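Single-letter residue listing:
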Amino acid sequence: GGTIVGLATNWLALKWIFEPVNPTKIGPFILQGKFLRRQKEVAKEFSDFFANNVLTSERLWNSILNDPSTKPSFDMLFTRNLKKF
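Let me begin by describing the structure that accompanies this report. Note that this is a predicted model, so its numbers are computed, not measured. (Residues numbered from 1 in each chain as written. Predicted model: local features only at pLDDT ≥ 70, side-chain atom pairs only at ≥ 80, totals over all residues. Heavy atoms only, no water.)

**A word on the overall build of the chain**
Inclusion rule: Note on conventions: DSSP H or I runs of at least 4 residues are helices, E runs of at least 2 residues are strands, and numbering of each starts at the N terminus. With C-alpha atoms as the basis for the radius of gyration, the globule rule is written as 2.2 Å multiplied by the number of residues raised to the power 0.38. Categorising residues by exposure relies on relative accessible area from a 1.4 Å probe, with only protein chains included: less than 20% of the type maximum marks a residue as buried, more than 50% marks it as exposed, and the intermediate range marks it as partly exposed. It only takes one pair of heavy atoms within 4.5 Å for two residues to be counted as in contact. Asp and Glu are treated as the negative residues and Lys and Arg as the positive ones, with His and the ends of the chain left uncounted. Positions of charges follow a simple convention, taking NZ of Lys, CZ of Arg, CG of Asp or CD of Glu.
Each helix and strand in the chain was counted, giving 5 helices and 2 strands. Walking the chain from its N terminus toward its C terminus, one meets helices and strands in the order α-β-β-α-α-α-α. What you see for the chain is a C-alpha radius of gyration of 23 Å, clearly larger than the 12 Å of a compact globule of 85 residues, by over 25%. With respect to the three principal axes, the spread of C-alpha positions in the chain is 75 × 35 × 20 Å. For the chain, buried positions account for 4% of its 85 residues. Within the chain, contacts between residues at least 6 apart in sequence are counted, and of these 0% link residues at least 24 apart. One finds the centroid of the 12 positive side-chain charges in the chain at a distance of 7 Å from the centroid of its 7 negative side-chain charges.

Below you can see the structure in the form of structure tokens.
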């Protein structure tokens, strides 16, 4: 019982968020998916959050210089592309 209600709720929520893709006028109302209507605003907020909290220069340099999963790749690129004096 609960699984079916959960699936139905999730399906309905996704429909309301993403559909209809194109604005559809019904009488005085214009219907469009809530995410699509606010896509520019959401993209701006997401990019600000990502740039300020996830992809900071300090984190990038720390990853390049210290992270065991990225340091070997950076070292290889650096060695291969650095001109010898």
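**Quick look at the pattern of salt bridges**
Spelled out, the test is: We define a salt bridge as a contact between a side-chain nitrogen of Lys or Arg and a carboxyl oxygen of Asp or Glu at a distance within 4 Å.
Under the counting rule described, the total for this entry stands at 4 salt bridges. Residue Glu19 pairs with Lys15 through a salt bridge whose shortest N-O separation is 3.1 Å. The class of Glu19 is partly exposed, set by a relative accessible area of 40%.

**Regarding the packing of aromatic side chains**
Definition in use: Between the rings of Phe, Tyr and Trp (Trp by its six-membered ring), a pair exists once the centres lie within 6.5 Å; its type follows the angle of the planes, with under 30 degrees stacked, over 60 edge-to-face, and the other angles tilted.
Scanning the model with the defined rule gives 2 aromatic pairs in all. Note on Phe46 and Phe50: the rings are 5.8 Å apart at their centroids and 25 degrees apart in plane angle, and the pair reads as stacked. Residue Phe46 and its partner Phe50 are located together in helix H3 (residues 39–54), separated by 4 residues, close to a single helical turn. With centroids separated by 5.9 Å and ring planes inclined at 25 degrees, the aromatic side chains of Phe74 and Phe78 adopt a geometry described as stacked. Taken together, the positions of Phe74 and Phe78, both in helix H5 (residues 71–81) and 4 residues apart, correspond to about one turn of that helix. Under the relative-accessibility criterion, Phe78 is labelled partly exposed at 47%.

**Here we look at the environment of Val54**
Along the chain, Val54 falls in helix H3. Not counting chain neighbours up to four residues away, the residues in contact with Val54 comprise Phe49 and Arg59.

**Things to note about the environment of Asp67**
Applied cut-off: Pairs of N or O atoms are called polar contacts if they sit within 3.5 Å, as long as, within protein, a hydrogen donor faces a hydrogen acceptor (for residues adjacent in sequence, only side-chain-to-side-chain pairs).
Looking at where Asp67 falls in the secondary structure, it is placed in the loop between helix H4 (57–66) and H5. You can call Asp67 partly exposed: its relative accessible area is 28%. Residues contacting Asp67, with those up to four places away along its chain left out, are Asn62 and Pro72. In this structure the side chain of Asp67 is engaged in a polar contact, spanning 2.9 Å, whose partner is the backbone nitrogen of Ser69.

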